[in-house]
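A structural walkthrough
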Amino acid sequence: DTAVSQTPKYLVTQMGNDKSIKCEQNLGHDTMYWYKQDSKKFLKIMFSYNNKELIINETVPNRFSPKSPDKAHLNLHINSLELGDSAVYFCASSQASRGTDTQYFGPGTRLTVL
Amino acid sequence: AQSVTQPDIHITVSEGASLELRCNYSYGATPYLFWYVQSPGQGLQLLLKYFSGDTLVQGIKGFEAEFKRSQSSFNLRKPSVHWSDAAEYFCAVGEKYGNKLVFGAGTILRVKS
């Protein structure tokens, strides 16, 4: 009965490859997010979707492309992986996109690019 | 642009001692403020949040935080720390619309017996 789940938990790949990380929430929330946590544990938002519509798109290389097939899923596809993409990626969801809506985080996906 | 500063990278306290983790924010309007905790290898869990009203807010696990507008601070406190509190703590400021959270760099709490 996990609220926000991510797959895979660990991902090790070579530079130049393309990979995807999947996120699913069973909370019935309308809004989902992707955050990146770098090696210094600094956590920064990348994208946010509300009802499958992109509402936040931070300064992220266009090699990163989020896709939301439905409200319960927000996947992150990364093309041409680079060493600097190594990080922990967290998915989160909230009831709506108001500032008062608590965000619930998934367990994270640790991506290592060799 | 909004920002959050957590001045202490590491803090070590003895079990049973009191705890205060500092957080300062920069935000043009009335801030929405949050404290999250991250245990090793885990996602982030919300401890407490402040939107308006009483400036002293209570959270889970016996934590509380006080919003001080004059000091632009939202410090987290606990009167008696337990070994299970060892984790990393993140302060965040949120926007009213769009729900974008801006996080501080985190404070690692170590608890010694």
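Residues numbered from 1 in each chain as written. Chains lettered and ligands numbered in written order. Predicted model: local features only at pLDDT ≥ 70, side-chain atom pairs only at ≥ 80, totals over all residues. Heavy atoms only, no water.

**What to know about the sheet that holds strand β7 (residues 64–70) of chain A**
Residue and element names in this part refer to chain A. Taking strand neighbours across the sheet as the criterion, the 4 strands line up as β1-β3-β8-β7 in an open arrangement whose pairing is antiparallel. With one partner strand each, in any of the chains shown, β1 (4–7) and β7 form the two edges of the open sheet. For this sheet, the mean angle separating the axes of adjacent strands, direction not counted, is 20 degrees. Note: strand β3 (residues 19–25) against strand β8 (residues 73–78), 4 bridges, orientation antiparallel. The residue of β8 that forms the bridge with Glu24 is His73. (Pairing = 2+ DSSP bridges. Helix = DSSP H or I, 4+ residues; strand = E, 2+ residues; numbered from the N terminus. Axes fitted to C-alpha atoms, helices over the stretch in contact; angles between N-to-C directions.)

**A few points about the pattern of salt bridges**
Overall, the coordinates contain 11 salt bridges over all chains when judged by the stated rule. With a shortest N-O distance of 2.8 Å, Arg63 of chain A and Asp85 of chain A are connected by a salt bridge. A residue pair is termed long-range when its members are at least 10 positions apart, and Arg63 of chain A in the loop between β6 (53–57) and β7 and Asp85 of chain A in the loop between β8 and β9 (87–94) qualify at 22 residues. Neither Arg63 of chain A nor Asp85 of chain A differs from the other in exposure class; each is buried. Linked through salt bridges whose partners overlap, the residues forming this network are Lys44 and Glu58 of chain A together with Lys100 of chain B. (Salt bridge = Lys/Arg side-chain N within 4 Å of Asp/Glu carboxyl O. Buried < 20%, exposed > 50% of the residue type's maximum accessible area, 1.4 Å probe, protein only.)

**Describing the state of the cysteines**
Residues and elements named next belong to chain A. Under the definition given, this model contains 2 disulfides over all chains. There is a disulfide in this structure between Cys23 and Cys91, and the S-S distance comes to 1.8 Å. Between Cys23 and Cys91 the sulfur-sulfur dihedral comes to about -75 degrees; the bridge is accordingly left-handed. Placement of the pair is Cys23 in strand β3 and Cys91 in strand β9, with a sequence separation of 68 residues. Given the relative accessible area of 0%, Cys91 is considered buried. (Disulfide = S-S within 2.5 Å.)

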